[in-house]
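The primary structure of each chain is shown beneath.
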Amino acid sequence: MIGPGAVVTTKPPAGRPGRTAVTKQKLFDAALKLVGERGAASVTVDEIAAEAGVAKGTVYYNFRSKDALVDALLRHGVDLLAARLAEAGREPDAPSAVHRLVDNTLGFFAEYPAFAQLLVGELWRTPGQWHDTLSMLRNDIVSIMREQLQRAADAGLLPEGVQVRTASAALFGTLLVVALDWQTFEPERSREEVRDSVLPLIRRVAAAPGEVN
């Protein structure tokens, strides 16, 4: 018997957070596939629900709207990419770090090609519905690249006159477009082959250890 004044706590059903996470991932995957193929504006909640194999109400239960789902999807994808790129910070020297940036970026977009399509389709759309979110997320990624390129600049590896801010944005744009071109037109090429074809463009920065003169 529970006495007067006792505090009763009710635990949520076991496993529910896990089920919610799985459902959200299914919705992310479905939205990413459809939005990557056709652009965010033309995809409906009904289509996302059907692709995910869930009821339409499930989308609204987990997200307020399609716009909120796409916004969360963008943040989720960039968080994954940022985590990959942050690994470059553990490299012992600047050339190795930039080498790791290039390899990890290409690896991420090879794993999530539809996300590359989504970024290319929405990032430079003007005006764009997700412009503010994308601007913030783009800055998050470029800032990680800038940190590693600053290491290269401090080591005297950047060509004279190159600004780290510009070089960081250029590196991100180059890798995004190269990755999309690779996955769309030359998927038979290996990541290593694509990486090694990109590195000469930034050879003084991204030379493998021992290659810098």
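Please read these numbers as outputs of a predicted model, since none were measured by experiment.

Draft legend 1. Fine view of the pattern of salt bridges. Counted by the stated rule, this structure contains 12 salt bridges. A salt bridge links D71 to R75; its shortest N-O distance comes to 2.7 Å. Taken as a pair, D71 and R75 lie in helix α4 (residues 66–86) at a separation of 4 residues, close to a single helical turn. When its relative accessible area of 19% is taken as the criterion, D71 is described as buried. Taken together, the shared-partner salt bridges in this structure form one network comprising D103, R191, R195 and D196.

Draft legend 2. Here's a closer look at the nonpolar core. Core analysis: the largest hydrophobic core is formed by 60 residues, its most contacted members being L74, F109 and F115. For this core, the secondary structure elements donating two or more residues are α1 (16–38), α2 (45–52), α4, α5 (94–111), α6 (113–123), α7 (131–154), α8 (164–185) and α9 (191–198). Leave out the neighbours within four places in its chain, and L74 touches F115, L118, L119, W130, T133, L134 and L137.

Draft legend 3. Main features of empty space enclosed by the protein. Overall, the coordinates contain 1 cavity of 30 Å³ or more when judged by the stated rule. Counted as a void, the largest cavity has a volume near 50 Å³. V78, L81, L119, L123, L134, L137, R138, I141 and F172 are the residues that line the largest cavity. Mapped onto the lining of the largest cavity, the elements with two or more residues apiece are α4, α6 and α7. For the lining of the largest cavity, the element with the highest residue contribution is α7, accounting for 4 residues.

Draft legend 4. Quick look at the environment of F172. Positionally, F172 belongs in helix α8. Taking the relative accessible area as the measure of exposure, F172 reaches 5% and is therefore buried. Linking F172 and R138, residues 34 residues apart in sequence, is a C-alpha distance of 8.9 Å. Residues contacting F172, with those up to four places away along its chain left out, are L123, R138, I141, V142 and M145.

Draft legend 5. Region of the structure containing the side chain of S168. Along the chain, S168 turns up in helix α8. Note on S168: relative accessible area 0%, which makes it buried. Here V164 takes part through its backbone oxygen, which lies 2.7 Å from a polar atom of the side chain of S168. Beyond its immediate stretch of four places on either side in the chain, S168 contacts V142, M145, R146 and L149.

Draft legend 6. Up close: the packing of α4 against α6. At a minimum axis separation of 11 Å, α4 and α6 run at an interaxial angle of 120°. Our classification of the angle between α4 and α6 gives oblique. Regarding α4 and α6, the two cross each other, and that crossing is left-handed. Within the contact between the two elements, α4 uses L73, L74, G77 and V78 and α6 uses F115, L118 and L119. A breakdown of the residues in the contact of α4 with α6 according to their chemical character gives 6 nonpolar, 1 polar and no charged.

Draft legend 7. Quick peek at the side chain of N104. Here N104 is to be found in helix α5. A polar contact of 3.0 Å, which involves the side chain of N104, links it to the side chain of E87.

Draft legend 8. Highlighting the confidence of the model for the protein. On average, the protein scores 83 in pLDDT, and the residues at 70 or more come to 85%. Of all helices and strands in the protein, the one with the weakest mean pLDDT is helix α10 (residues 203–206) (56), whereas α2 scores best (94). Throughout residues 1–15 the model reports pLDDT below 50, and contacts reaching past four residues in sequence, or to other chains, amount to 2 contacts.

Draft legend 9. How the structure looks around the layout of surface pockets. The computed volume of the second largest pocket comes to approximately 160 Å³. Residue lining of the second largest pocket: L123, W124, H131, L134, S135, R138, N139, A169, F172 and G173, and that is the complete set. Secondary structure elements with two or more residues in the lining of the second largest pocket: α7 and α8. Here the residues of the lining of the second largest pocket are counted per class, giving 5 nonpolar, 4 polar and 1 charged.

Thresholds, definitions, all that
Chains are numbered independently. Their residues run from 1 in the order of the written sequence. Per-residue local features of the predicted model are confined to residues with pLDDT of at least 70, and side-chain atom pairs are confined, for both listing and counting, to 80 or more; whole-chain, interface and lining totals are unaffected and use all residues. Side-chain measures here rest on the full set of heavy atoms in the structure, leaving out hydrogens and waters. Just to be clear on terms, a salt bridge is a Lys or Arg side-chain nitrogen sitting within 4 Å of an Asp or Glu carboxyl oxygen. Here a helix means four or more residues in a row that DSSP labels H or I, a strand means two or more in a row labelled E, and each is numbered from the N terminus. Accessibility here uses a 1.4 Å probe with only protein chains present; expressed as a share of the type maximum, an area under 20% marks a residue as buried, one over 50% as exposed, and anything in between as partly exposed. Each nonpolar core is a collection of buried residues, namely Ala, Val, Leu, Ile, Met, Phe, Trp, Tyr and Cys, held together in the definition by side-chain atoms within 4.5 Å. We call two residues in contact when some of their heavy atoms are within 4.5 Å. Note on definitions: the grid is 1 Å and covers protein atoms alone; a cavity is a set of points where a 1.4 Å probe fits but cannot get out; a pocket is an open set with protein on both sides within 12 Å along at least five of seven lines; lining residues have an atom within 4 Å of a point. Grid points are joined across faces, edges and corners, and a volume is the space filled by probe spheres set on the points. Within 3.5 Å is the distance limit for a polar contact, defined as a pair of N or O atoms, with the added protein rule that one can donate a hydrogen and the other accept it, and that residues adjacent in sequence qualify only through two side-chain atoms. Geometry is summarised by axes, namely lines fitted to C-alpha atoms with helices restricted to the contacting stretch, and by angles between N-to-C directions that run from 0 to 180 degrees. Roughly parallel means an angle under 35 degrees; roughly antiparallel, over 145; roughly perpendicular, 65 to 115; everything else is oblique. Whether a crossing is left-handed or right-handed is set by the direction in which the near helix is turned from the far one by less than a right angle, anticlockwise for left-handed and clockwise for right-handed. Residue polarity is assigned by list, with Asp, Glu, Lys and Arg as charged and Ala, Val, Leu, Ile, Met, Phe, Trp, Tyr, Cys and Pro as nonpolar; anything else, Gly included, falls into the polar class. Along the chain, pLDDT gives the predictor's confidence residue by residue, from 0 to 100.

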